[in-house]
Amino acid sequence: MPKRLEMIVNLLGILLLSGEAAFAKATTGEIQSPTEAWNHTWDDVLWDLWIIGGVFTIVAVYLLIRYRARSPGAVGTARPLNLDMALAWALVPAAIFMADDFFLAAKGWSLWNIQRQVPRDAMEVKVTGYQWYFEYDYGNGITDSELVVPVGRPIVLRMTSKDVIHSFGLTEYRLKEDMMPGRVTYLWFYPEKPLETQVVCVEFCGTSHAEMYNKVRAVPKAEYDAWLSKKLERKKKAELRKSQAADDGANVEPAQ
Ligand SMILES: [Cu+2]
């Protein structure tokens, strides 16, 4: 291999690897919020576009002015390229862009890994999609039409649908996931501070699709516990009333 070609090939390798190396980061073992990770990735993409866009605009404008035709019918005086130069002009810019693409792809991949790896102590809520509402099951037979979660703890939603395909769009937390009949999908998020937001269905699911939304409240732990015990109490009372009514019915029946 000619010396110069070898140099070009080496340069390509270095550029491609640098994309990967720039992305590699020591993991701290702390919970990495998918929301934060998404925001970082988005910022990186924007910086990337601004820097590349800026550099190319400046270079293009400079070249336009520097090599403009100074008289009608002017002919350029560029010297002809030899093979090495032609290869370098084609491959070096291509490698720069490939390195950048690998960098962004690696970022996306690591974001995906964070989104898919649910922390071990996550609190689970089951979610079922119906035309046209979401139902939340907190365990112990407690259900609600609102998603209420304590702050400071990862939350995993195990989701399915009873009719058609819906999609759980938690935009404030930068997440969404399909809900399908006969399948359980999941997403997890990490509410770090109290926040009242909304979930909307983001997959067209019928005439009232636009009405398929509800509140999502991340509240302090004490408030969450109080909310849950109130729900539990109300459920017990309802059950008691039901069994009393059944007893009364049983007592009345023989007399008829
Ligand atoms: Cu829907």
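The numbers attached to residues start from 1 for each chain and follow its sequence in the written order. Totals for whole chains, interfaces and linings use all residues, but because this is a predicted model, local features are given only for residues with pLDDT of at least 70 and pairs of side-chain atoms are given and counted only at 80 or more.

Enquirer: Explain the overall build of the chain to me, using residue names and the numbers behind them.
Expert: Every helix listed is a DSSP run of H or I at least four residues long, and every strand listed is a run of E at least two residues long, numbered separately from the N terminus. Along the backbone of the chain there are four helices and ten strands. Across the chain, helices and strands are ordered from the amino to the carboxyl terminus as α-α-α-β-β-β-β-β-β-β-β-β-β-α. Partly exposed residues are those whose C-beta has more than 12 but fewer than 20 other C-beta atoms within 10 Å; 20 or more makes a residue buried and 12 or fewer makes it exposed, with C-beta atoms placed from the backbone. Counting all 256 residues of the chain, 12% fall into the buried class.

Enquirer: Tell me about the confidence of the model for the chain, and please be specific about residues and values.
Expert: Looking at the chain, the pLDDT average stands at 89 and 90% of residues meet or exceed 70. pLDDT expresses, on a scale from 0 to 100, how confident the predictor is about each individual residue. Here contacts are defined at the residue level, using C-beta atoms placed from the backbone and a cut-off of 7 Å between them. The model gives residues 23-28 a pLDDT under 50, and that stretch makes three contacts with residues more than four places away or in other chains.

Enquirer: How would you sum up the nonpolar core? Please name residues and give values.
Expert: We call a set of buried Ala, Val, Leu, Ile, Met, Phe, Trp, Tyr and Cys residues a nonpolar core when their C-beta atoms link them within 7 Å. In this structure, V127, L157, F168, L170, F189 and V199 are the most contacted members of the largest nonpolar core, which totals 18 residues. Mapped by element, the contributors of at least two residues to this core are β2 (133-137), β4 (147-150), β5 (155-161), β6 (166-170), β8 (185-189) and β10 (213-219). Excluding residues that lie within four positions of it along the chain, L170 makes contacts with L175, K176, F189, V199 and V216.

Enquirer: With reference to specific residues and values, describe unusual backbone geometry.
Expert: For the peptide bond that leads from Q131 to W132, omega is 5°, which places it in the cis range. Mapping W132 onto the fold places it in the loop between β1 (123-130) and β2. With a phi close to 55°, N140 is a non-glycine residue in the positive phi region. With respect to the element layout, N140 can be found in the loop between β2 and β3 (143-144).

Enquirer: An account of helix α2 (residues 34-66) is needed here, citing residue identities and associated values.
Expert: By this rule, a helix spans an expected 1.5 Å times one less than how many residues it contains. The first and last C-alpha atoms of α2 sit 48 Å apart over 33 residues, in line with the 48 Å expected at 1.5 Å per residue. Counting buried residues along α2, only one of its 33 residues qualify, which leaves the element largely exposed.

Enquirer: Describe the packing of α2 against helix α3 (residues 83-116), and please don't skip the residues or the numbers.
Expert: Interhelical geometry of α2 versus α3 gives an angle of 170° and a closest axis separation of 9 Å. By the criterion of interaxial angle, the relationship of α2 to α3 is roughly antiparallel. Across from P34, A37, W38, T41, D44, V45, D48 and I52 in α2, the residues of α3 making contact are D100, L104, K107, G108, L111, I114 and Q115. Axes, fitted as lines to C-alpha atoms, cover a helix only where it is in contact. Angles between the N-to-C directions of the axes lie from 0 to 180 degrees. Should an angle fall under 35 degrees it is taken as roughly parallel, and over 145 as roughly antiparallel, whereas 65 to 115 is taken as roughly perpendicular and any remaining angle as oblique.

Enquirer: Which residues make up the pairing of strand β9 (residues 195-201), and what are the values?
Expert: Pairing between strands is defined by DSSP: at least two bridges between the two strands are required. As defined by bridge partners, β6 adjoins β9 across two bridges and the pair is classed as antiparallel. The residue bridging F168 from the neighbouring strand is C201, located in β9. Here β9 runs beside β10; their pairing, made up of six bridges, is antiparallel. By the bridge assignment for β10, V199 is matched with N214.

Enquirer: Outline the sheet that holds β5, listing residues and values.
Expert: The pairing of strands in a sheet happens through backbone hydrogen bonds and is either parallel or antiparallel. Spatial ordering of the open sheet is given by β3-β2-β1-β5-β8, a layout of five strands whose pairing is mixed. Of all the strands in the sheet, the pair left with one neighbour each is β3 and β8. Examined bridge by bridge, β5 and β8 share five bridges and lie antiparallel to one another. Bridge assignment links V156 to a residue of β8, and that residue is W188.

Enquirer: Quick one: what's the story with the environment of E124, residue by residue and with numbers?
Expert: Within the secondary structure layout, E124 lies in strand β1. Taking the C-beta count within 10 Å as the criterion, E124 has 14 such neighbours and is therefore assigned partly exposed. With 30 residues separating them along the chain, E124 and P154 place their C-alpha atoms 8.9 Å apart. Setting aside its immediate chain neighbours within four residues, E124 contacts V156 and R158.

Enquirer: An account of the sheet that holds strand β7 (residues 175-179) is needed here, citing residue identities and associated values.
Expert: Within the open sheet, the five strands sit side by side as β4-β10-β9-β6-β7. Their pairing is mixed. In this open sheet, the two strands that pair with only one neighbour each are β4 and β7. Mean inter-strand twist for the sheet, computed between neighbouring axes without regard to direction, equals 20°.

Enquirer: Break down the pairing of β5 for me, with residues and values.
Expert: A one-sided burial pattern is seen for β5, the buried positions being I155, L157, M159 and S161 and the unburied ones V156, R158 and T160. Where β1 and β5 come together, seven bridges link them in parallel fashion. Considered in β5, the bridge of G129 is made with S161.

Enquirer: So what about α3? Which residues, and what values?
Expert: Over its 34 residues, α3 extends 48 Å from the first C-alpha to the last, a length consistent with the 50 Å expected when each residue adds 1.5 Å. All buried positions along α3 are accounted for by A95, A99, K107 and Q115.

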